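The primary structure of each chain is shown beneath.
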Amino acid sequence: MATVALDSNETRSPMKIRINRRGWAVLIGIPVFVLTVAAAFFFSMFASDAHASSEVPEGVETVDVTVIPGDTLWSLASEYAEGYDVTSAVSHISEMNSLDSTQIHVGDSLSIPVLAG
């Protein structure tokens, strides 16, 4: 069996760490980089002028219509968008009411832009 003897003077001395240039670059560079990216992110969040809105833009007059039996997007668009392209009016109504398709159901409430020619 082997025994190991430890010198009591060596175990008490603190360990010295020597850092070269690359070590200093990593030690200082990474935190500075992370803080710079975080600052840019937070600045861009609060300095942005873009704001989402679920409201109808001002200047567009709308009518709230409850769908009755026999109504279609095409018939509603042709009724309220006199003088305009009905296909464009259907796409506007779909976009305004967040419709995934052109199917509407009896009892649905739709906001329809009034486009008078």
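Residues numbered from 1 in each chain as written. Predicted model: local features only at pLDDT ≥ 70, side-chain atom pairs only at ≥ 80, totals over all residues. Heavy atoms only, no water.

## Topic: the packing of helix H3 (residues 73–80) against helix H4 (residues 86–96)
And step 1. Remark: H3 packs on H4, axes separated minimally by 9 Å, with the N-to-C direction vectors making an angle of 110°. Judged by the angle between their axes, H3 and H4 are roughly perpendicular. In contact with Leu73, Trp74, Ala77 and Ser78 of H3, H4 contributes Val86, Thr87, Ala89, Val90, Ile93 and Ser94.
And step 2. Its residues assigned to classes, the contact of H3 with H4 shows seven nonpolar, three polar and no charged. (Axes fitted to C-alpha atoms, helices over the stretch in contact; angles between N-to-C directions. Helix = DSSP H or I, 4+ residues; strand = E, 2+ residues; numbered from the N terminus. Parallel < 35°, antiparallel > 145°, perpendicular 65-115°, else oblique. Contact = heavy atoms within 4.5 Å. Nonpolar A, V, L, I, M, F, W, Y, C, P; charged D, E, K, R; others polar.)

## Here's the deal with the environment of Val63
And step 1. Tracing the backbone through its elements, the reader meets Val63 in strand E1 (residues 62–66).
And step 2. We classify Val63 as partly exposed; its relative accessible area is 25%.
And step 3. Counting along the chain gives 51 residues from Val63 to Val114, while the straight-line C-alpha distance between them is 6.8 Å.
And step 4. With near-sequence residues (within four places) excluded, Val63 lies in contact with Tyr80, Leu110, Ser111, Ile112 and Val114. (Buried < 20%, exposed > 50% of the residue type's maximum accessible area, 1.4 Å probe, protein only.)

## Some points on the packing of aromatic side chains
And step 1. The full count for this structure, using the stated rule, is one aromatic pair.
And step 2. Both rings, one in Phe41 and one in Phe42, keep their centres 5.5 Å apart while their planes meet at 65°; by these two values the pair is edge-to-face. (Phe/Tyr/Trp six-rings, centres within 6.5 Å; stacked < 30°, edge-to-face > 60°.)

## Observations concerning a nonpolar patch on the surface
And step 1. There is a patch of nonpolar side chains on the surface, built from Ile17, Ile19, Trp24, Leu27, Ile28 and Val32 and spanning about 610 Å² of accessible area.
And step 2. Position of Val32 relative to the elements: it lies in helix H2 (residues 21–47). (Patch = residues over 30% accessible without salt bridge, like charges linked within 9 Å, V, L, I, M, F, W, Y side chains within 5 Å. Areas by Shrake-Rupley, 256 points an atom, 1.4 Å probe, with all protein chains shown as cover. Salt bridge = Lys/Arg side-chain N within 4 Å of Asp/Glu carboxyl O.)

## Things to note about the confidence of the model for the protein chain
And step 1. A residue-level look at the protein chain finds 76% of positions with pLDDT of 70 or above and a mean pLDDT of 81.
And step 2. Looking at the elements of the protein chain, mean pLDDT is at its lowest for helix H1 (residues 8–12), recorded as 58, and at its highest for H2, recorded as 90. (pLDDT = per-residue confidence, 0-100.)

## Here's the deal with the side chain of Asn97
And step 1. When you line up the elements, Asn97 lands in the loop between H4 and strand E2 (109–113).
And step 2. Those residues in contact with Asn97 that lie beyond four places of it in its chain are Ser109, Leu110 and Ser111.

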